[in-house]
Amino acid sequence: MILKLRRQFIIVATCSILAVLVVIIGALNIINFQVMTNRKDDILELLSNNDGRFPESMNQRKTKENKEDFLKDPPSGDFDPSHDFSSFRGLSRMEFPREMMYETRFFTVSIGSDGEVTSYDLGRIASVEEDLAKQYAQTILKKHQKGNASKGYLDDYRYLVTDTEDGYFIVFVDCATDIQSFRNTLFASVSVSFLGLVAVFILVLIFSKKVFKPVEASYQKQKRFITDASHELKTPLTIISANVEVMEMEAEESHWSQSIKKQIGRMITLVEQMVTLSRMDEQLETVRTRFSLSDALQDTAQSYLPVAESNKKELAIDIAENVFMMGDEKQIRQMTGLLLDNAMKYASVKTDSEGEKDKAGDEKPRIRLTLRQKGKKAEIVLWNTVDQIEPGDQEELFERFYRPDRSRNSKTGGSGIGLSIVKSIVEAHRGKITAVSKDGISIEFKATLPLS
């Protein structure tokens, strides 16, 4: 149990770190990509507003010490000093480096209203030929006309479509270098995060052993106490049982002596269940042999037929033949017996608000045990009617000492340990068990066990 708890702690800690890393790395790379895209959009708008060229002022004029001097003494040429560069996402014209016009690789294509390419400019890029430029332009035009998308990416190019009086003007800016840089950053961040996650996993794995050491020591003491106390309790119970038998031999058997023997039996059963549960927690290796699961279930269920008849309950047995599995036959028999014992105690029929049986009250409480082979797994199902239960999953029934109705458990003698042992046996065989009520007046326990 401690090992299972430690594993869960490691998984939760590692998953938490992974979630934080995903959020951080994702946010950083999204911001990085957005900054790159915004920068290219600024360049596209600048080129689109200047007919596919950088302003002459960027080449002719050196940067002034401040913006006021630049505006008072504007450069000569076709540069418009009244042009508002502040719309470029907070970038003023002073923030565009002069080297940008030499570093930026771009081309432009003009398309007429009839959809035919009228002109193109490939003077600032060497990797794009005329046919490729026309193909890109036609592809972008179709997208623009369908969804009115004026910006986007096509391969390694960022484009901007501008509607003109004669048709369309498309500017393409090469982003190959920036995209490759973004990919390198993404790969590096993911790689570093993965290595960090592995390092955290190793550290948690190492230090979790020290963290759980006091818990493990305390748990071992509790198990030792349960085992020792169970053995110590057996001696006085045996003596009390022997004394009662002597009293019955010397005097007549009475209601009180029968009650004492019944309670002694309950105590002995409870002690044995506590020892079994303690051993299950130790995850001892089961004695795995190949045995007939069909015969094991059939033999166990047959012994409960007289019990069902004496309690006026109907037990149906539907066991598939020739189902064999690798496992501990003794534990499987114990599991089946505990499930049937639980059903014998709690199987009933629905009653009305006055405690009387409903219209179907003439029927006996029904119990049905079935075994089916499905592929490489065996499916054991125990179904029985109940008075009333909440529809849906009933996983809490497998919790230790869980008693949904204490008043009824006091009558039936339930201790809340049996189903916990059932679950432990199923999990020891690498199986799974569920408890579900589909209609609120019956419950189904389904155990799925691997056959090999």
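Residues numbered from 1 in each chain as written. Predicted model: local features only at pLDDT ≥ 70, side-chain atom pairs only at ≥ 80, totals over all residues. Heavy atoms only, no water.

Undergrad: I'd like to hear about the packing of aromatic side chains, residue by residue, with values.
TA: This structure, assessed with the given rule, holds nine aromatic pairs. Seen from their ring centres, Phe 33 and Tyr 153 are 5.7 Å apart, and the 40 degrees between their planes marks the pair as tilted. Highlighted residues: Phe 33 in helix H1 (residues 2–49) and Tyr 153 in strand E3 (residues 151–154), separated in sequence by 120 residues. The exposure class of Tyr 153 is partly exposed, given its relative accessible area of 24%. Ring plane angle 55 degrees and centroid distance 5.3 Å describe the contact between Phe 33 and Phe 182, whose orientation is recorded as tilted. Here the residue Phe 33 occupies a position in helix H1, and Phe 182 occupies one in helix H6 (residues 176–211), the gap between them amounting to 149 residues. Phe 33 sits in the partly exposed class, given a relative accessible area of 31%. (Phe/Tyr/Trp six-rings, centres within 6.5 Å; stacked < 30°, edge-to-face > 60°. Helix = DSSP H or I, 4+ residues; strand = E, 2+ residues; numbered from the N terminus. Buried < 20%, exposed > 50% of the residue type's maximum accessible area, 1.4 Å probe, protein only.)

Undergrad: Mind laying out the environment of Ile 433, listing which residues take part and the relevant values?
TA: Examined against the element boundaries, Ile 433 turns out to sit in strand E12 (residues 432–437). Ile 433 sits in the buried class, given a relative accessible area of 7%. Along the backbone, Ile 433 and Phe 398 are 35 residues apart, and their C-alpha atoms lie at a distance of 9.4 Å.

Undergrad: A description of the side chain of Lys 40 should follow, citing residues and the corresponding values.
TA: Mapped onto the elements, Lys 40 comes out in helix H1. Overall, the relative accessible area of 10% leaves Lys 40 in the buried class. Side chain to side chain, Lys 40 and Asp 178 meet in a polar contact 3.0 Å long. What Lys 40 contacts, discounting residues up to four positions off in sequence, is Arg 158, Val 173, Asp 174, Cys 175 and Asp 178. (Polar contact = N/O pair within 3.5 Å; in protein donor to acceptor, adjacent residues only side chain to side chain. Contact = heavy atoms within 4.5 Å.)

Undergrad: An account of the nonpolar core is requested, with residue identities and associated values reported.
TA: Leu 293, Ile 332, Met 335, Leu 371, Ile 380, Val 422 and Phe 445 are the most contacted members of the largest nonpolar core, which has 42 residues in total. Residue contributions to this core peak at seven residues, all from helix H11 (residues 329–346). When sequence neighbours within four positions are dropped, the list of residues in contact with Ile 332 reads Phe 291, Leu 293, Leu 297, Met 325, His 429 and Leu 449. Core analysis: the next-biggest nonpolar cluster, separate from the first, contains 18 residues, Val 109, Ala 133, Tyr 157 and Tyr 159 among them. (Core = buried A, V, L, I, M, F, W, Y, C linked by side-chain atoms within 4.5 Å.)

Undergrad: How would you explain the pairing of strand E1 (residues 106–112) if you had to name every residue and give the values?
TA: Burial analysis of E1 places seven of its seven residues in the buried class, which makes it a mostly covered element. Of the two faces of E1, the one carrying Phe 106, Thr 108, Ser 110 and Gly 112 and the one carrying Phe 107, Val 109 and Ile 111 are both buried. Relative to strand E5 (residues 167–174), E1 runs antiparallel, the two sharing seven bridges. Its bridge partner being in E5, Phe 107 is matched across the sheet by Phe 172. Of the strand pairs in this sheet, E1 and strand E2 (residues 117–121) are connected by four bridges, and their pairing is antiparallel. Looking across to E2, one finds that Ser 110 is bridged to Ser 119. As consecutive antiparallel partners, E1 and E2 are separated by four residues, and within that stretch Gly 115 has a phi angle of approximately 90 degrees, a positive value. (Pairing = 2+ DSSP bridges.)

Undergrad: Break down the packing of H6 against helix H7 (residues 213–250) for me, with residues and values.
TA: A pair of packed helices is captured by two measures, namely the crossing angle of their axes and the spacing between those axes. Two numbers describe how H6 lies on H7: the axes approach to 4 Å, and their chain directions differ by 40 degrees. Judged on the interaxial angle alone, H7 and H6 are oblique. When H6 is examined against H7, the residues Lys 209, Lys 210 and Val 211 are found in contact with a partner set consisting of Lys 213, Pro 214 and Val 215. Here the residues of the contact of H6 with H7 sort into three nonpolar, no polar and three charged. (Axes fitted to C-alpha atoms, helices over the stretch in contact; angles between N-to-C directions. Parallel < 35°, antiparallel > 145°, perpendicular 65-115°, else oblique. Nonpolar A, V, L, I, M, F, W, Y, C, P; charged D, E, K, R; others polar.)

Undergrad: Help me get a handle on the pattern of salt bridges, residues and values and all.
TA: Where side chains of opposite charge bring their charged atoms close, a pairing between them can arise. Here the structure, examined in full by the defined rule, presents 11 salt bridges. Note that Arg 333 and Asp 299 form a salt bridge whose closest N and O atoms lie 3.4 Å from each other. Of this pair, Arg 333 sits in helix H11 while Asp 299 sits in helix H9 (residues 293–302), and the two are 34 residues apart along the sequence. The network of salt bridges with shared partners includes Asp 299, Glu 329 and Arg 333. (Salt bridge = Lys/Arg side-chain N within 4 Å of Asp/Glu carboxyl O.)

Undergrad: Can you lay out the sheet that holds E3 for me, pointing to particular residues and giving the numbers?
TA: Strand order in this open sheet of five strands is E2-E1-E5-E4-E3, and the pairing throughout is antiparallel. Looking at which strands have only one partner, the edges of the open sheet turn out to be E2 and E3. Strand-to-strand, the axes of this sheet are offset by a mean angle of 20 degrees, without reference to chain direction. Bridge count between strand E4 (residues 157–163) and E5: seven bridges; the pairing is antiparallel. Across the sheet, the residue bridging to Leu 160 is Val 171, located in E5. Across the sheet, H1 is in contact with E1, E3, E4 and E5; its angle to E5 comes to roughly 135 degrees.

Undergrad: Could you give an account of the sheet that holds strand E9 (residues 366–374), naming the residues involved and the relevant values?
TA: On the basis of which strands lie adjacent, the open sheet formed by six strands has the order E7-E9-E10-E13-E12-E11 and mixed pairing. Each end of this open sheet is capped by a strand with a single partner; those strands are strand E7 (314–319) and strand E11 (392–393). With five bridges joining them, E12 and strand E13 (residues 442–450) adopt antiparallel strand pairing. When the sheet's bridge partners are listed, Val 436 is paired in E13 with Glu 444. Strands in contact with H9 are E7, E9 and strand E10 (377–385); relative to E7, the strand with the most contacts, it is inclined by about 170 degrees. The sheet strands contacting helix H13 (residues 418–428) are E12 and E13, and the helix crosses E12 at an angle near 140 degrees.

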